[in-house]
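Structural characterization, general
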Amino acid sequence: MSAPVTEDLLIVGAGGFARETAQAVRDVAAADVAGGRPPRWRLAGHLDDDPALHGREVDGVPVRGGCELVHELPAARVVVCVGSPRDYAVRARLVRRLGLPGERYATVVHPTAAVSGSSAVGPGSVLLAHCVLTAGVRVGSHVAVMPQVVLTHEDEVADFATLASGVRLGGGVRVGRGAYVGAGALVREYTAIGAWSLTGVGSTVLADVPAGQVWAGGPARLLRPAGAAALAELARDAPVPAGTAVHGTEDGSGTEDGTGPDGRQPETRMGSPVA
């Protein structure tokens, strides 16, 4: 049996989620060393499409250049760490644009996360500190699970979904592809959160949330259709219902292609980097 090998890891993005993931990677490496194992990853740097960041450091990690550098470093593993409530479809667009095979993607699980032996987490997904997956949980690919999230028995979270800090899912919940569940939301057991929907911060979800809609409140209720970026992803799988209004982004700002109001925000940005 060959000894474990430390692999280079590239983080696509240099904003808040990317910084949190970089710290998780450091914590994984520290836990490996403390356990007498070689670190599984070596942080090789951030990649970001914002040229103003190139050559700078974010929390001590260099920004090596744009995202296309993943193709020039074929031995490095990759994790895509972008997205926000304003455009939570960006991660899917960027993964599609990069066109990497699944085996290039790492799965980052913070050492304080509790993942049961009967649960599974897909490639490209990130589980941050103190997450809990109790029994028979299935998390797809490129899913962002923020700190203190609890997934209970038989929950299923589809590819590209985002579960913000403190989300609690009852047993048997189905979270659809690309859905965004806001911080502190509570979701009743055996409820479905539709693909590319958004559930607001602190919401109490007692009924199914349809695909491509924004729900919030206690109990959660319909506010409006999702923004254009999310609806565009939903339309790749099924046509948007006739008469559905289209907003610029999830908070009503920006443009239909997911950029900022001035049309210049790179897809790799989430949060503000610190030099």
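So, about the overall build of the protein. Regarding its fold elements, the protein presents three helices and 24 strands. Looking at the protein residue by residue over its 275 residues, the buried ones come to 49%. Counting contacts in the protein only where the partners sit at least 6 residues apart, residues at least 24 apart contribute 36% of the total.

With that settled, the discussion passes to the pattern of salt bridges. Applying the stated criterion across every chain, the model contains eleven salt bridges. In this structure, the salt-bridge partner of arginine 19 is aspartate 59, at a minimum N-O distance of 2.8 Å. Of this pair, arginine 19 sits in helix 1 (residues 16-34) while aspartate 59 sits in the loop between strand 3 (57-58) and strand 4 (61-65), placing them 40 residues apart in sequence. Judged by its relative accessible area of 38%, aspartate 59 falls in the partly exposed class. Aspartate 49 is paired through a salt bridge with arginine 97; the nearest N and O atoms lie 2.9 Å apart. Residue aspartate 49 is located in the loop between strand 2 (41-47) and strand 3, and its partner arginine 97 is located in helix 2 (residues 90-98); the two are separated by 48 residues in the primary sequence. Taking the relative accessible area as the measure of exposure, aspartate 49 reaches 24% and is therefore partly exposed.

Take the sheet that holds strand 2 next. Read from one edge to the other, the open sheet built from five strands follows the order 3-4-2-1-5, with strand pairing classed as mixed. The two strands at the open ends of the sheet, each matched to only one other strand, are strand 3 and strand 5 (77-80). Inspection of the sheet shows strand 1 (residues 7-12) paired to strand 5 by four bridges, in the parallel sense. Bridge pairing links valine 12 to valine 80 in strand 5.

This part takes up the pairing of strand 1. Sheet topology note: the strand 1/strand 2 ladder contains six bridges and is parallel. Paired with leucine 10 across the strands is glycine 45, a residue of strand 2. A crossover links strand 1 with its parallel partner strand 2, the connecting element being helix 1, and its sense is right-handed.

Here we take up the confidence of the model for the protein. Looking at the protein as a whole, its pLDDT mean stands at 89, while 85% of the residues score no less than 70. Contacts of residues 242-265 to residues separated by more than four positions or lying in other chains number 52 contacts, the stretch itself having pLDDT below 50. Contacts from residues 269-275, a stretch scored under 50 in pLDDT, to residues over four places away or in other chains number 21 contacts.

All right, on to the sheet that holds strand 10 (residues 132-133) then. With parallel pairing, six strands are arranged side by side in an open sheet as 7-10-13-16-19-22. Bordering the open sheet on either side are strand 7 (114-115) and strand 22 (204-205), each of which pairs with just one other strand.

Closest axis-to-axis distance for the helix 2/helix 3 (residues 228-237) pair is 9 Å, and the angle between their directions is 55°. By the angle class used here, helix 2 and helix 3 are oblique. Taking contact as the criterion, the partners of Ala92, Arg93 and Arg96 in helix 2 are, on helix 3, Ala229, Glu233 and Arg236. Taken together, the residues that form the contact of helix 2 with helix 3 break down as two nonpolar, no polar and four charged.

Calculation criteria
Residues numbered from 1 in each chain as written. Predicted model: local features only at pLDDT ≥ 70, side-chain atom pairs only at ≥ 80, totals over all residues. Heavy atoms only, no water. Helix = DSSP H or I, 4+ residues; strand = E, 2+ residues; numbered from the N terminus. Buried < 20%, exposed > 50% of the residue type's maximum accessible area, 1.4 Å probe, protein only. Contact = heavy atoms within 4.5 Å. Salt bridge = Lys/Arg side-chain N within 4 Å of Asp/Glu carboxyl O. Pairing = 2+ DSSP bridges. Right-handed = clockwise from strand over helix to strand, strands pointing away. pLDDT = per-residue confidence, 0-100. Axes fitted to C-alpha atoms, helices over the stretch in contact; angles between N-to-C directions. Parallel < 35°, antiparallel > 145°, perpendicular 65-115°, else oblique. Nonpolar A, V, L, I, M, F, W, Y, C, P; charged D, E, K, R; others polar.

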